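Observations on the model geometry
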Amino acid sequence: MRLLIKNGRVIDPSSKTDDTLDLLIERGKIVDIKTKIESKGVKVIDASRLVVAPGFIDMHVHLREPGQEDKETLFTGALAAAKGGFTSIACMPNTNPVNDNRGVTEYILSETKKNSVVNVFPIASITRGQNGAELTDMADLAEAGAIAFSDDGLPIEDSQVMRRALEYSKILKTLIINHCEDKNLSGEGVMHEGYYSYLFGLKGIPASSEETMIARDIILAKKVGTPIHIAHLSVKGAVDIIKEAKKKKVMVTTEVTPHHLFLTDSLLENYDTNLKVNPPIRSEEDAQALIQAVKDGVIDVFASDHAPHTIDEKDVEFDKAPFGINGLETAVSLFLDKLVNKNVISLRKFVGMISTTPAAILGLENKGKICVGADADLTILNLKKEIVVDVNTFKSKSRNNPFHGWKLRGAPVKTIVGGKIVYTSSS
Ligand code: DOR
Ligand code: ZN
């Protein structure tokens, strides 16, 4: 079937396009882009006053299947992604069992091929069972379809293990993603260490826990001569380290989440466990530094770190609750409202950071761009649409999102994957 998207404001950072254009889609690919395309015999989407962008890619998502299907499944996570405007997601390996062998990677790929509305790319673990000690068979996992490697949820603490992982990733031309946290420094901390952790009587996770491991990883990646991606950047000191490394041409990339940009530690005064996340919500100064780093290009990518947990698990005292924020369905509206519509960054930069750049980092050649021959993965946005975040309308199985009740302007209204409309907003 052919699909024609008419009169949209087409934004494509890779070709610097920002124009009113028609797009023709056939057999899952973009086949024509022109000012006016004949609409006879094709299904038409009128995108007047809407933005048509290359499909958004979230390279940091937890889908919980296999093993924790009460929190999320591959199916519900994909529905949440489509509603959130994402056409592709990469899922972290901290499932049960861990994605540390071909069986789990193949299971994720075959299940999502059967019934997922978005593209799902499995990230396999660096170490067996995420034990931090023995490397997985990275070559076998890469061959099975693992798009990258990470022990996310946990850091790679042993420097020799990290060095070897980087060496293998160089040979395999794959990517290592590290959750940078020195567990000896973060100890039993549950929130950012600072004025508010003392005030609220909660154990703190210092900024240095993140900074020290990022510095080590940069040194190792430079020595090995291979890329490293730093997950969920949260502190100013980390921005400074990455900025310096980039100046020296180290192949380091990084990502930031909405909660680290738009929330600060003083909000934990009500001990709301929906604000408990790792790395923790940091200080105002850190959040400001992260926003500046987005503007300066020190941060490459936007990601949600979608980490669903059940209501029961979160409905306990702060110390006992699991870390994690459910983010797929609110990320795009938060970025649009707080950054694009307030002119902190341009629309083109936003699309670059949520589509073009993650596609490039993950090596997804036919994604993250709008051109003839590219995959027909598209996200259509209404920059004026006003929404009120309501966790009760989530497609995700979980509800642990601290933005409930926030009024935001700008939202995805249609998500198209491989030429198929997989989500249309009801209003
Ligand atoms: O807050 C977090 N939740 N941080 C992590 O590193 C893991 C994640 C999860 O899996 O719940
Ligand atoms: Zn994560």
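Residues numbered from 1 in each chain as written. Chains lettered and ligands numbered in written order. Predicted model: local features only at pLDDT ≥ 70, side-chain atom pairs only at ≥ 80, totals over all residues. Heavy atoms only, no water.

What follows covers the overall build of the protein. Check the secondary structure of the protein and you find 13 helices and 18 strands. Expressed as lengths along the three principal axes of its C-alpha atoms, the size of the protein is roughly 65 × 45 × 45 Å. Considering the protein as a whole, with its 427 residues, one finds that 60% of them fall into the buried category. Considering only residue pairs separated by 6 or more positions, the protein has 75% of its internal contacts joining residues 24 or more positions apart. Entry remark: accessible area of the protein is about 16900 Å², with carbon and sulfur atoms responsible for 49%. The distance from the centre of the 53 positive side-chain charges to the centre of the 56 negative ones in the protein is 8 Å. (Helix = DSSP H or I, 4+ residues; strand = E, 2+ residues; numbered from the N terminus. Buried < 20%, exposed > 50% of the residue type's maximum accessible area, 1.4 Å probe, protein only. Contact = heavy atoms within 4.5 Å. Areas by Shrake-Rupley, 256 points an atom, 1.4 Å probe, with all protein chains shown as cover. Lys, Arg positive; Asp, Glu negative; His and termini not counted. Charge placed at Lys NZ, Arg CZ, Asp CG, Glu CD.)

The next point concerns the coordination of the zinc ion (ligand 2). Protein-derived ligands of the zinc ion (ligand 2) are H60 (NE2), H62 (NE2), D152 (OD) and D305 (OD), with the metal-ligand distances lying across 2.0 to 2.4 Å. Geometry at the zinc ion (ligand 2) is irregular, judged from the four donor atoms that bind it and their angles of 82 to 166° at the metal. Donor residues for the zinc ion (ligand 2) sit on one chain with the sequence pattern H-x1-H-x89-D-x152-D. Taken together, the residues H62 in the loop between β6 (56-61) and α1 (74-83) and D152 in the loop between β9 (148-150) and α4 (159-172) connect sequence positions 90 residues apart. Residue H62 is classed as buried on the basis of its relative accessible area, which comes to 5%. (Donors = N, O, S within 2.8 Å, 3.2 Å for Na, K, Ca; no water. Tetrahedral: all angles 85-135°; square planar, octahedral: opposite > 155°, others 65-115°.)

Among the nonpolar cores identified, the biggest contains 93 residues, and L261, F302 and F350 are the most heavily contacted of them. Among the elements that line this core, the one with the most residues is helix α12 (residues 331-340), at seven residues. Residues in contact with F350, not counting those within four places in the same chain, are F56, F302, V332, F335, L336, V340, I345 and L381. Of all hydrophobic cores here, the second largest spans 18 residues; its members include L3, L23, I30 and L378. (Core = buried A, V, L, I, M, F, W, Y, C linked by side-chain atoms within 4.5 Å.)

What follows concerns the sheet that holds strand β8 (residues 119-124). Two modes of strand pairing occur in sheets, parallel and antiparallel, and in both the strands are linked by backbone hydrogen bonds. Here we have eight strands laid out as an open sheet, ordered β6-β7-β8-β9-β10-β13-β14-β15, and parallel in their pairing. The open sheet has two edge strands with one neighbour each: β6 and β15 (301-302). As paired elements, β8 and β9 share two bridges and run parallel to each other. By the bridge assignment, A124 is partnered in β9 with F149. (Pairing = 2+ DSSP bridges.)

The terminal C-alpha atoms of helix α8 (residues 236-247), which comprises twelve residues, lie 17 Å apart, in line with the 16 Å expected from a rise of 1.5 Å per residue. Looking at the buried positions of α8, the neighbouring elements they touch are α7 (207-224), β13 (228-230), β14 (252-256) and α10 (284-296). (Expected span 1.5 Å × (residues − 1).)

Tracing the backbone shows G41 in the loop between β3 (29-34) and β4 (43-46). Relative accessible area serves as the criterion here: at 79%, G41 is assigned to the exposed category. Along the primary structure G41 and L3 are separated by 38 residues, whereas in three dimensions their C-alpha atoms are 9.4 Å apart.

Here the focus is the pairing of strand β18 (residues 420-424). As paired strands, strand β17 (residues 407-417) and β18 are joined by four bridges and run antiparallel to one another. Within the sheet, the bridge partner assigned to V417 lies in β18 and is K420. Turn length for the β17-β18 hairpin, with the two strands adjacent in sequence and antiparallel, is two residues, and the turn residue G418 shows positive phi of about 55°.

One can describe the packing of α8 onto α10 by two numbers: an axis separation of 8 Å at closest approach and a directional angle of 30°. Judged by the inter-axis angle, α8 sits roughly parallel to α10. Residue-level contacts link K236, V239 and K243 of α8 to E285, D286, A289, L290, A293 and D296 of α10. Here the contact of α8 with α10 is built from residues that sort into four nonpolar, no polar and five charged. (Axes fitted to C-alpha atoms, helices over the stretch in contact; angles between N-to-C directions. Parallel < 35°, antiparallel > 145°, perpendicular 65-115°, else oblique. Nonpolar A, V, L, I, M, F, W, Y, C, P; charged D, E, K, R; others polar.)

Going from E65 to P66, the amide bond is cis rather than trans, its omega being 10°. Mapped onto the elements of the fold, P66 is located in the loop between β6 and α1. In this structure, the amide linkage connecting N96 to the following residue, P97, adopts the cis form with an omega of 0°. For P97, the location among the structural elements is in the loop between β7 (86-91) and α2 (102-115). One non-glycine residue, K249, adopts positive backbone phi at about 65°. Note that K249 resides in the loop between α8 and β14. Positive phi is not limited to glycine here, since Y271 has a value of about 55°. With respect to the helices and strands, Y271 occurs in the loop between α9 (258-262) and α10. With relative accessibility at 38%, the residue Y271 sits in the partly exposed group.

Before going further, it helps to spend a moment on the pairing of strand β1 (residues 2-12). Across a regular strand the side chains alternate sides, sitting on one face of the sheet and then on the other. Of all the eleven residues making up β1, eight are buried; the element is thus mostly covered by neighbouring parts of the structure. Counting the residues that bridge the hairpin from β1 to strand β2 (residues 17-26) gives four residues, and of these K16 lies at a positive phi of roughly 55°. Pairing of β1 with β4, which is carried by four bridges, proceeds in the parallel orientation. Paired with I5 across the bridge in β4 is I45. Direction of pairing for β1 relative to strand β5 (residues 51-54): parallel, over a ladder of two bridges.

Along the chain, the position of T105 falls in helix α2. Taking relative accessible area as the criterion, T105 reaches 0% and is therefore assigned buried. Beyond its immediate stretch of four places on either side in the chain, T105 contacts N99, P122, A124, L141, A144, G145 and A146.

Another aspect to go through is α2. The first and last C-alpha atoms of α2 sit 20 Å apart over 14 residues, in line with the 20 Å expected at 1.5 Å per residue. Residues of α2 that are buried make contact with α1, β7, β8 and α3 (138-144).

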